[in-house]
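If you want the building blocks of each chain, they are given just below.
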Protein chains: 2
Amino acid sequence: MKADRTSLSDLLRVSGFKATSGRVEVLGLFIRAGRPLSQMQIMEMLGPRLDRASVYRILSAFTEAGLLHMAYVDGRHRVYELPDKCGHSHCHPHFSCRSCGMTACLEDFQVKCKGSIGKGFVAERQKVLIEGLCPGCKGK
Amino acid sequence: MKADRTSLSDLLRVSGFKATSGRVEVLGLFIRAGRPLSQMQIMEMLGPRLDRASVYRILSAFTEAGLLHMAYVDGRHRVYELPDKCGHSHCHPHFSCRSCGMTACLEDFQVKCKGSIGKGFVAERQKVLIEGLCPGCKGK
DNA sequence: TGATTTTTGCAATAATGTCGCATTTGTGAT
DNA sequence: ATCACAAATGCGACATTATTGCAAAAATCA
């Protein structure tokens, strides 16, 4: 996916948004990061260029428009990511480090489900999270 | 598991707690419910008999002592359950209704994982959550 | 460029969770 | 049974995370 400002702006407009600098920056951040991000992490990366409320609004709007989706909830933080590697209902699993909070997508990790969830229940989405320690926090 | 007050009190004392009425009630709630519960749901069931802060403290203390564990985080709410059906690292999957917030344990639902999470990473716990609609919310 | 509409920043407020401390409640000894 | 001690509770204050209203600013389109 290209990540220059022009193509980001186009992507935003196609999705029905005005291509404001804040939105371009947030979207570019996700594309460059290639990993799930929380509002906190975005704020840290952007500094005070964007208001807290705006980041929340951008994340909600992007998610509603399908530009992002909520990968999982880590402790008290919602973690979002680009949906480019996921189908509508089936998302790849994620890893979350319990020490530093670092997150990663587990694309080579397959999860197979067997069995029924019960009569009358409708499954819409499956979320798998592996918690543990990342290489950096492992030794400590 | 028995759920009368006397055996609950004994269980609490064995775990190193005083068998206060609040703790007996909370533990009894989990045993009778047979499903995961959040602080909010506990408060609703108990009414004003127990303070908010006490419920939080009880849930933390029980979790630390191994009497409960945190099943998953649902939106902004932490959801706890008895660990009687789970190993240390492997917990059965859960279902969460996106409409009413109702939760259930999926004991007949098997999740098989294949592949590596990556070099240097340590997996400690696996959490699987199926989101969807429960029978009651399905038609709406 | 100017008009229109969306988006932002800011401040106020809500929702959720935590902490300190005086008071109350279990517990075990007497 | 009652007493003294330690633990747990209730309450209020505070911390953190998220949302909302509204005036000001920015993007889009004619």
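For the structure, check the block above.
Residues numbered from 1 in each chain as written. Chains lettered and ligands numbered in written order. Predicted model: local features only at pLDDT ≥ 70, side-chain atom pairs only at ≥ 80, totals over all residues. Heavy atoms only, no water.

S.K.: Go over the protein's contact with DNA strand C, please, and point to the residues and values.
M.R.: Near DNA strand C, the surroundings consist of 23 residues, among which Lys18, Arg23 and Ser54 of chain A together with Arg13 and Tyr56 of chain B are the closest. Within 4 Å of the protein, atoms of DNA strand C come from sugar and phosphate in 65% of cases. Threonine 20 of chain A places a polar side-chain atom, nitrogen or oxygen, 3.2 Å from a phosphate oxygen of DNA strand C. One of the side-chain N or O atoms of arginine 13 of chain B is found 2.5 Å from a phosphate oxygen in DNA strand C. (Near = heavy atom within 4 Å. Polar contact = N/O pair within 3.5 Å; in protein donor to acceptor, adjacent residues only side chain to side chain.)

S.K.: Let's hear about the sheet that holds strand β7 (residues 122–133) of chain B: which residues, and what values?
M.R.: Reading across the sheet, the six strands line up as β5(A)-β4(A)-β7(A)-β7(B)-β4(B)-β5(B) and stay open at both edges, with mixed pairing between neighbours. Only two strands of the sheet have a single neighbouring strand rather than two, namely β5 (103–105) of chain A together with β5 (103–105) of chain B. Each strand of the sheet is rotated relative to its neighbour by a mean of 25°, with strand direction disregarded. As judged from the four bridges shared by strand β4 (residues 94–97) of chain B and β7 of chain B, these two strands associate in the parallel manner. Counted as the bridge partner of histidine 94 of chain B is leucine 129 of chain B from β7 of chain B. (Pairing = 2+ DSSP bridges. Helix = DSSP H or I, 4+ residues; strand = E, 2+ residues; numbered from the N terminus. Axes fitted to C-alpha atoms, helices over the stretch in contact; angles between N-to-C directions.)

S.K.: Quick rundown of the packing of helix α2 (residues 21–33) of chain B against helix α3 (residues 39–46) of chain B? Include the residues and the values.
M.R.: Residues and elements named next belong to chain B. Two numbers describe how α2 lies on α3: the axes approach to 11 Å, and their chain directions differ by 110°. Of the possible angle classes, the one that applies to α2 and α3 is roughly perpendicular. Contact residues: Glu25, Val26, Leu29 and Phe30 in α2; Ile42, Met45 and Leu46 in α3. Of the residues that constitute the contact of α2 with α3, the class distribution is six nonpolar, no polar and one charged. (Parallel < 35°, antiparallel > 145°, perpendicular 65-115°, else oblique. Contact = heavy atoms within 4.5 Å. Nonpolar A, V, L, I, M, F, W, Y, C, P; charged D, E, K, R; others polar.)

S.K.: Please set out the relation of the copies chain A and chain B residue by residue, giving values where relevant.
M.R.: It takes a turn of 179° to lay chain A on chain B, together with a shift of 0.1 Å along the axis; the resulting RMSD is 0.2 Å. Each copy turns onto its partner about a two-fold axis. Nearest to the rotation axis, the C-alpha of valine 128 of chain A is located 2.2 Å from it, this being the minimum over chain A. Residue by residue, 100% of the interface of chain A is reproduced at the interface of chain B, so both copies engage with the same surface. (Least-squares fit on C-alpha atoms with pLDDT ≥ 70 in both.)

S.K.: Tell me about the layout of surface pockets, and name the residues and values.
M.R.: All names here are of chain B. Looking at the second largest pocket, its volume works out to about 330 Å³. For the lining of the second largest pocket, the element with the most residues is strand β3 (residues 77–81), which contributes three residues. Split by residue class, the lining of the second largest pocket holds five nonpolar, five polar and four charged. (1 Å grid on protein atoms, 1.4 Å probe; cavity = no way out; pocket = protein on both sides within 12 Å on 5 of 7 lines; lining within 4 Å. Points joined across faces, edges and corners; volume = space filled by probe spheres on them.)

S.K.: Tell me about the packing of aromatic side chains, and name the residues and values.
M.R.: For the coordinates displayed, the defined rule picks out four aromatic pairs over all chains. Here phenylalanine 95 of chain A and phenylalanine 121 of chain B contribute two aromatic rings whose centre-to-centre distance is 4.9 Å and whose plane-to-plane angle is 80°, an arrangement assigned as edge-to-face. Placement of the pair is phenylalanine 95 of chain A in strand β4 (residues 94–97) and phenylalanine 121 of chain B in the loop between β6 (110–114) and β7, with the two residues belonging to separate chains. Judged by relative accessible area, phenylalanine 121 of chain B falls into the partly exposed class, the value being 23%. (Phe/Tyr/Trp six-rings, centres within 6.5 Å; stacked < 30°, edge-to-face > 60°. Buried < 20%, exposed > 50% of the residue type's maximum accessible area, 1.4 Å probe, protein only.)

S.K.: So what's going on with the protein's contact with DNA strand D? Residues and values would help.
M.R.: As a structural note, the neighbourhood of DNA strand D is formed by 24 residues, with Arg13 and Tyr56 of chain A together with Arg23, Ser54 and Arg57 of chain B the closest of them. Protein-proximal atoms of DNA strand D, defined as those within 4 Å of the protein, fall in sugar or phosphate at a share of 64%. Interatomic distance of 3.0 Å between a side-chain N/O atom of lysine 18 of chain A and a base nitrogen of DNA strand D. Interatomic distance of 3.3 Å between a backbone N/O atom of alanine 19 of chain A and a phosphate oxygen of DNA strand D. Counting residues per element, the ones that place at least two in the surface near DNA strand D are α4 (52–65) and β3 (77–81) of chain A together with α4 (52–65) of chain B. Tallied by class, residues from the surface near DNA strand D come to seven nonpolar, five polar and twelve charged.

S.K.: Could you give me a rundown of helix α3 (residues 39–46) of chain A, with the residues and numbers involved?
M.R.: All names here are of chain A. Inspection of α3 places Gln39, Gln41, Ile42 and Leu46 among the buried residues, and these make up the whole buried set. The buried residues of α3 occupy an angular sector of 160° when projected down its axis, which confines them to one face. Packed against the buried residues of α3 are α2 (21–33), β1 (37–38), α4 and β3. The first or second residue beyond α3 is glycine 47, which carries a positive phi of 70°. (Arc of directions from axis to C-beta.)

S.K.: Any details on the sheet that holds β3 of chain B? Residues and values, ideally.
M.R.: Pairing between the strands of a sheet comes from backbone hydrogen bonds, and it takes one of two forms, parallel or antiparallel. Residue and element names in this part refer to chain B. With respect to topology, three strands assemble into an open sheet ordered β1-β3-β2, the strand pairing being antiparallel. Two strands bound the open sheet, and with one partner strand each, they are β1 (37–38) and β2 (69–74). By the bridge criterion, two bridges tie β1 to β3 in an arrangement that is antiparallel. Opposite leucine 37, over in β3, you have tyrosine 80 as the bridge partner.

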